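What follows is each chain in one-letter form.
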Amino acid sequence: MTRRALFACLPLALALSACQHAATPGASDATPAPRVLLLGEVHDSAAGHAARAALLRKELEAGWRPAIAMEQFDTGQQPLLDAAMRDCTTADCVVDKVVTGKSGWTWAYYKPVIALALEYKLPLLAANLSRTDASKVVKDGFAASLPADVIARYGLDALPADVMGPQETEVRDSHCGALPEPMVAPMARAQIARDVVMALTMQAHAQRGVVLIAGNGHVRKDIAVPYWLRREGLAPRAVGFLEPTSDAAAFDAVERIPATERPDPCAGFKAPTPPKG
């Protein structure tokens, strides 16, 4: 499915979901609220990935059958992902068929999740905005990658300070404080665009139940994907997978994972060059 096709399908899905949420409280035919779960990660933590896969397996063994949305696949990869999930019997096969170029993801960490989707015959959703489209947002704003109705629906042209400010702080911190200040707000907008696209992907499948596999930054309940899901009347639950010293305040629940030994990520850090206008 192309990005254009994805966004074309979303208004109908969102409208149907809104109708379901409008059911009269206490009505005898009211359906249970959809279960919307977000499971975070520290990208390079093998222990964290294993703990998350174990938690998800436990949920599936208990009978839950959600769609699984993954940050690691871009929305434009959905047709390849659908074909792979139809034709493959192993996670290795799925990754080989879908990931055709250079990738920054350590796929060994994500194959257990893909294997669960295959085992339980669950929809696997490509949830992320592509790097190319995110770069367009950095250079030219939301309208370069998101449809006008999505921008208007979420008020992206007038973001509240309590969302934009913390996102800018996240961008500064993740770039070791070395990012040129004129790049901070544009890169924060790209992060917000990713969050919105992930939220839209989840929203379109929420009525059957949906779980998001994404980094802790996208799972934060205050400014990230859950924030946009709540705008649609959903009640997401955000679980952070956090190392011992990480702050738990931005999550509904926390799974503590061992600290990963890693070199100082800011040693020798080089800030990206601002895009040319």
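Here is what the cut-offs are and how they apply
- Residues numbered from 1 in each chain as written.
- Predicted model: local features only at pLDDT ≥ 70, side-chain atom pairs only at ≥ 80, totals over all residues.
- Heavy atoms only, no water.
- Buried < 20%, exposed > 50% of the residue type's maximum accessible area, 1.4 Å probe, protein only.
- Helix = DSSP H or I, 4+ residues; strand = E, 2+ residues; numbered from the N terminus.
- Pairing = 2+ DSSP bridges.
- Axes fitted to C-alpha atoms, helices over the stretch in contact; angles between N-to-C directions.
- Parallel < 35°, antiparallel > 145°, perpendicular 65-115°, else oblique.
- Left-handed = near helix turned anticlockwise from the far one by under 90°.
- Contact = heavy atoms within 4.5 Å.
- Nonpolar A, V, L, I, M, F, W, Y, C, P; charged D, E, K, R; others polar.
- Salt bridge = Lys/Arg side-chain N within 4 Å of Asp/Glu carboxyl O.

> Where do I start with the pairing of strand β2 (residues 67-74) in this structure?
A regular strand places its side chains so that they alternate between the two faces of the sheet. Counted residue by residue, β2 has 7 buried out of 8 residues, so it is predominantly covered. Pairing between β2 and strand β3 (residues 124-128): 4 bridges, direction parallel. Residue A69 lies in a different strand from β3, and its bridge partner there is L125.

> Which parts of the structure should I look at to understand the packing of helix α3 (residues 78-87) against helix α4 (residues 91-98)?
Put simply, α3 and α4 touch, their axes get as near as 9 Å, and they point 150° apart. Between α3 and α4, the interaxial angle falls into the category roughly antiparallel. The hand of the α3/α4 crossing is right-handed. For the pair α3 and α4, contact is made by L80, L81, A84 and M85 and by V94, K97 and V98, respectively. Class assignment of the residues belonging to the contact of α3 with α4 gives a composition of 6 nonpolar, no polar and 1 charged.

> Sorry if this is basic, but what is going on with the packing of helix α6 (residues 131-140) against helix α9 (residues 181-203) here?
In a pair of packed helices, the angle between the axes and the distance between the axes together describe the arrangement. Following both chains from N to C, one finds α6 and α9 inclined at 140°, their axes separated by 8 Å at the closest point. For the element pair α6 / α9, the angle class is oblique. For the pair α6 and α9, the crossing hand works out as right-handed. Counting all contacts with α6, which are made through A134, V137 and V138, the residues of α9 involved are P186, M187, R189, A190, A193 and R194.

> Could you clarify how one ought to interpret the environment of C88 in this entry?
Considering the arrangement of structural elements, one finds C88 in the loop between α3 and α4. Ignoring anything within four residues of it in the chain, the contact list for C88 reads C93, V94, K97 and L118.

> Sorry if this is basic, but what is going on with the sheet that holds strand β6 (residues 253-256) here?
Each strand in a sheet pairs with another by means of backbone hydrogen bonds, the pair being arranged parallel or else antiparallel. In spatial order, the strands read β3-β2-β4-β1-β5-β6; together these 6 strands make up an open sheet with parallel pairing. Either end of the sheet is taken by a strand with one partner, and the two such strands are β3 and β6. Across this sheet, the average inter-strand angle for adjacent strands is 25°, counted without regard to direction. When β2 meets strand β4 (residues 210-213), the two strands line up parallel, connected through 4 bridges. When the sheet's bridge partners are listed, I68 is paired in β4 with V211. Lying on the sheet, α9 is in contact with β1 (36-39), β2, β3 and β4; it crosses β3 at an angle near 155°.

> What is the right way to read the pattern of salt bridges from this model?
It is possible for side chains bearing opposite charge to pair when their charged atoms get close. Considering all chains together, one arrives at 14 salt bridges under this definition. For the salt bridge of D92 with K111, the shortest nitrogen-to-oxygen distance reads 2.6 Å. On the criterion of sequence distance, the pair formed by D92 in helix α4 and K111 in helix α5 (residues 111-120) is long-range, its members being 19 residues apart. Exposure remark for K111: the relative accessible area of 24% places this residue in the partly exposed category.

> Just to check I follow, could you spell out unusual backbone geometry for this structure?
Negative phi is the rule for most residues except glycine; trans is the rule for most peptide bonds. Despite not being glycine, K121 shows a phi value in the positive range, around 55°. Inspection of the secondary structure assignment puts K121 in the loop between α5 and β3. For C176, which is not glycine, the phi dihedral falls at a positive 60°. Tracing the sequence through the fold places C176 in the loop between α8 (161-174) and α9.

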